[in-house]
Amino acid sequence: MNGYVDSAILHVLKLWLKAPVIEEDEDGTRKHVGGGKANSKGTPQGGVISPLLSNCYLHLLDRIWVRQQCCVKLKARIVRYADDFVVLCGGKVDAPFATVRRVLDRLDLTLNESKTRIVDARRESFTFLGFEIRVSKSWRSGKSYPHVCPAPKSLAKIKERIKQQTDRRLTPVPLGDVVKNMNASLRGWVGDFHYRNSSKVLDKVKTQAEQRLRTHLMKRHKIQDRGAALQRFPRQKLYANYGLYKVPVTAGWKTAHASV
């Protein structure tokens, strides 16, 4: 209905926008990182409603890109997830960049200049949604292809998470709960990053999980010698006896290399 305003929905949206965003440090200290009653502009970083509102706002950018045939006219394709997007240009970048700015101006939105940059993917990499993307050459065929793998920051994040979940201070916690929490984190991370050229990174995550669980078992059983720990807790036993999730080391889309 034209002109109809649902005050109840607007009230819920306002509550979401004003809700504080709280994060927890490694030592368990909670801190306020966004949102709250003082928030008067934009959606708070990390807010639960932010991705939905971003889609509502930026849907117009997608529609304009399609209707004006920007893919053909500007030789540029836009890839967007919530408020994160990249514009892949096959030619000059000036016109696509200007088009994005013009649409955002109409929406009364501004680009985050600190996160916005122009990259020649043939010479350097860029990060999008936790992946590091660059153009590489196959050592077999010599052909160029888009190399897509988890970014170093994404790898560091899961390694730190597994380290926290196997901390020596958790030895009083039932071992089944420790492994269960590890498995949940590993499965979630693999679900996000088990694509394209991630096999080497997946292998690093698998090794980290095995080493951290073995170290945790050493603390539980008061074993100081690593050689003895390897004999008592070999790799096979970590999976068969303790139920550790086995991270796959062969990524999906292994041969899906597009021509550049």
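Computed from a predicted structure; not experimentally measured.

## A closer look at the packing of helix 6 (residues 175-193) against helix 7 (residues 199-220)
Contact geometry for helix 6 and helix 7: axes closest at 12 Å, N-to-C directions at 170°. On the basis of their axis angle, the class for helix 6 and helix 7 is roughly antiparallel. In this structure, helix 6 uses L175, V178, V179, M182, L186, W189 and V190 to contact helix 7, whose residues at the interface are V201, L202, V205, A209, L213, H216, L217 and R220. The class makeup of the residues in the contact of helix 6 with helix 7 is 13 nonpolar, 1 polar and 1 charged.

## A closer look at the pairing of strand 6 (residues 131-137)
Taken together, the 3 bridges between strand 5 (residues 126-128) and strand 6 define a ladder with antiparallel strand orientation. Directly across from F126, in strand 6, lies its bridge partner I133. The loop that links strand 6 with its antiparallel partner strand 7 (residues 144-150) comprises 6 residues; one of these, G142, has a positive phi angle of about 80°.

## Remarks on the side chain of N183
Mapped onto the elements of the fold, N183 is located in helix 6. Under the relative-accessibility criterion, N183 is labelled buried at 7%. Apart from the residues within four sequence positions on either side, N183 is in contact with G243, L244 and Y245.

## With respect to the pairing of strand 4 (residues 84-89)
Inspection of the sheet shows strand 3 (residues 76-81) paired to strand 4 by 6 bridges, in the antiparallel sense. Counted as the bridge partner of V79 is V86 from strand 4.

## Quick word on the sheet that holds strand 5
On the basis of which strands lie adjacent, the open sheet formed by 3 strands has the order 5-6-7 and antiparallel pairing. The open sheet has two edge strands with one neighbour each: strand 5 and strand 7. On average, each strand axis in the sheet is tilted by 35° relative to the strand beside it, whichever way the strands run.

## Looking at the pattern of salt bridges
All told, the structure shown has 9 salt bridges when counted by the stated rule. Close ionic contact of E113 with R101 constitutes a salt bridge, the shortest N to O distance being 3.1 Å. With E113 in the loop between helix 4 (94-106) and strand 5 and R101 in helix 4, this residue pair connects regions lying 12 residues apart in the sequence. In this structure R101 comes out as partly exposed when scored by relative accessible area, which is 32%. Note that R123 is salt-bridged to D120, the shortest N-O span being 3.4 Å. When its relative accessible area of 27% is taken as the criterion, D120 is described as partly exposed. What emerges from the salt-bridge pattern is a single network uniting D120, R122 and R123.

Cut-offs applied
- Residues numbered from 1 in each chain as written.
- Predicted model: local features only at pLDDT ≥ 70, side-chain atom pairs only at ≥ 80, totals over all residues.
- Heavy atoms only, no water.
- Axes fitted to C-alpha atoms, helices over the stretch in contact; angles between N-to-C directions.
- Helix = DSSP H or I, 4+ residues; strand = E, 2+ residues; numbered from the N terminus.
- Parallel < 35°, antiparallel > 145°, perpendicular 65-115°, else oblique.
- Contact = heavy atoms within 4.5 Å.
- Nonpolar A, V, L, I, M, F, W, Y, C, P; charged D, E, K, R; others polar.
- Pairing = 2+ DSSP bridges.
- Buried < 20%, exposed > 50% of the residue type's maximum accessible area, 1.4 Å probe, protein only.
- Salt bridge = Lys/Arg side-chain N within 4 Å of Asp/Glu carboxyl O.

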